[in-house]
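Structure at a glance
Residues per chain, in single letters:
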Amino acid sequence: MWAKASSAALPAGDRFEWFSDLVTRELAPIAIRPESGDTFHGDAAVLDLGRVQVSTFSYTPLRSRRTPALIRQSDPEQYHLALLVRGTTWFSQQRNECLQSVGDMVMWDTSRPFDSGTKHSTEPINAVVIQVPKQALPLRQDRIDRLLSQTLSGDRGMGAVLAGFLRTVSAHGPDCAPHERSRLDQVALDLFSACLAAHLDICDQLSGEARAEALLARIDAFIDHNLGDTELTPGAIAAHHHISVRRLHQLFAGRDETVAATIRRRRLERCRADLARPELLGHPVHAIAARWGYPNPAVFSRAFRAAYGASPTDHRGQAVHRWRARSVKGACADDQGPNGPRS
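Residues numbered from 1 in each chain as written. Predicted model: local features only at pLDDT ≥ 70, side-chain atom pairs only at ≥ 80, totals over all residues. Heavy atoms only, no water.

So, about the overall build of the protein chain. Counting its secondary structure elements, the protein chain contains 12 helices and 12 strands. Oriented by its inertia axes, the alpha-carbon framework of the protein chain measures out at about 75 × 65 × 35 Å. Every one of the 343 residues in the protein chain was classed for burial, and the buried ones make up 46%. Partitioning the intrachain contacts of the protein chain with sequence separation of at least 6 by distance along the chain shows that 70% fall at a separation of at least 24. Carbon and sulfur atoms provide 50% of the accessible area of the protein chain, an area that totals close to 17600 Å². For the protein chain, the distance from the average site of its 42 positive side-chain charges to the average site of its 38 negative ones is 4 Å. (Helix = DSSP H or I, 4+ residues; strand = E, 2+ residues; numbered from the N terminus. Buried < 20%, exposed > 50% of the residue type's maximum accessible area, 1.4 Å probe, protein only. Contact = heavy atoms within 4.5 Å. Areas by Shrake-Rupley, 256 points an atom, 1.4 Å probe, with all protein chains shown as cover. Lys, Arg positive; Asp, Glu negative; His and termini not counted. Charge placed at Lys NZ, Arg CZ, Asp CG, Glu CD.)

Have a look at this one:
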């Protein structure tokens, strides 16, 4: 299930109450109040994967508290982890207080009181929140508790892998079919567990399946970050992750494509996207191809045509035609004005 909502369509006086009700419904009962005198605004998008839920929230600064009374009212018995995409926040739970800036993550336990807010800022807050049932995690709760209200980096190691997964799922998860979301549910649990285990230095306590899923996620991130390297091969990937090429192919056996096919597809996807970007129109086709690991124009052209049924030049020409059509349509709308043609 996927749902998206915004306070923009509501009268200014109703927006805060609407957002407060939404937070209580989707996360847990939380007492919130605005921290800015400006008109409140909040947006949310919720993606239910099964056991796991991934939500995005955007809102003007708030002070949030979960009290013992609110916990008695309702407790989903979950761990929540937020990836901060915009703004600066602080969080306090279990006598630990930490500060988050863009790219940081923080985790809390819904069964315990907490307090949070913004730090001397009127900038809107954007965050992605993942909700995970406690009983679904393979790690001991007393160990997980060590990470509550601690700033966890989303820029390196398994933290970066989990942060990248949250960004991708929040952006593209709604387009996935139900069976794909079910698969993402297990991936989310495995990556969440692997991220916590890495921060606790207890990765050996994870199941073989969870360790394999975490390794695959690291490999996916490595491939995406190195698509422009012409030396990106299965051998290079295996060596970087200290595994054999045979083991690498085994990890990909459950997917619909091989390692080499994955590299090729992702390179072509980047090329196709860049060829359709107006701001890159001045960049030659061969330069865009080379940027994404295709130094040979003829090889790139054949691969592109085989994948998309058109040459790179034709694809760019079609994109240019669409830009110009939209520009003409927009200009005509401006000339009409709200009350008919301008004189």
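More follows now that the structure is in view.
Considering only enclosed or pocket space, the largest pocket measures out at about 1500 Å³ in volume. Along the wall of the largest pocket there are 35 residues; nearest its centre are T168, L184, D220, R255 and R266. Elements with a minimum of two residues in the lining of the largest pocket: α4 (157-172), α5 (178-200), α6 (208-225) and α9 (259-275). Looking at the lining of the largest pocket element by element, the count peaks at eight residues for α4. (1 Å grid on protein atoms, 1.4 Å probe; cavity = no way out; pocket = protein on both sides within 12 Å on 5 of 7 lines; lining within 4 Å. Points joined across faces, edges and corners; volume = space filled by probe spheres on them.)

Here we take up the sheet that holds strand β2 (residues 31-34). If you trace the five strands from one edge of the open sheet to the other, you get β2-β5-β10-β7-β8, paired in antiparallel fashion. Where the open sheet ends on each side, the last strands, each with one partner, are β2 and β8 (96-100). Direction aside, neighbouring strands of the sheet carry axes that sit 10° apart on average. Those strands touched by helix α1 (residues 12-26) are β2 and β5 (62-66), and its axis lies near 150° from that of β2. (Pairing = 2+ DSSP bridges. Axes fitted to C-alpha atoms, helices over the stretch in contact; angles between N-to-C directions.)

The topology assignment puts T262 in helix α9. Beyond its immediate chain neighbours, meaning those up to four positions away, T262 contacts F252 and E257.

Moving on, we get to empty space enclosed by the protein. Tallied over the full model, the rule gives two cavities of 30 Å³ or more. By volume, the largest cavity amounts to about 410 Å³. In terms of lining, the largest cavity is formed by 26 residues, of which the most central are Y59, S64, A82, W108 and S116. Elements that contribute at least two residues to the lining of the largest cavity include exactly α1, β4 (53-59), β5, β6 (78-86), β7 (89-93), β9 (104-109), β10 (114-118) and β11 (125-133). A per-element tally of the lining of the largest cavity places β10 first, with four residues.

Right, let's talk about the environment of E26 for a bit. Inspection of the secondary structure puts E26 in helix α1. Residues E26 and L232, spaced 206 residues apart in sequence, show a C-alpha to C-alpha distance of 42 Å. Not counting residues within four places of it along the chain, the set of residues in contact with E26 comprises V46, Q53 and Q131.

This part takes up the pairing of β11. When you tally the buried positions in β11, you get eight out of nine residues, the bulk of the element. Sheet analysis places β4 next to β11, joined by seven bridges and oriented antiparallel. Note that in β11 the partner of S55 across the bridge is V129. Here eight bridges tie β6 to β11, and the two strands are oriented antiparallel to one another.

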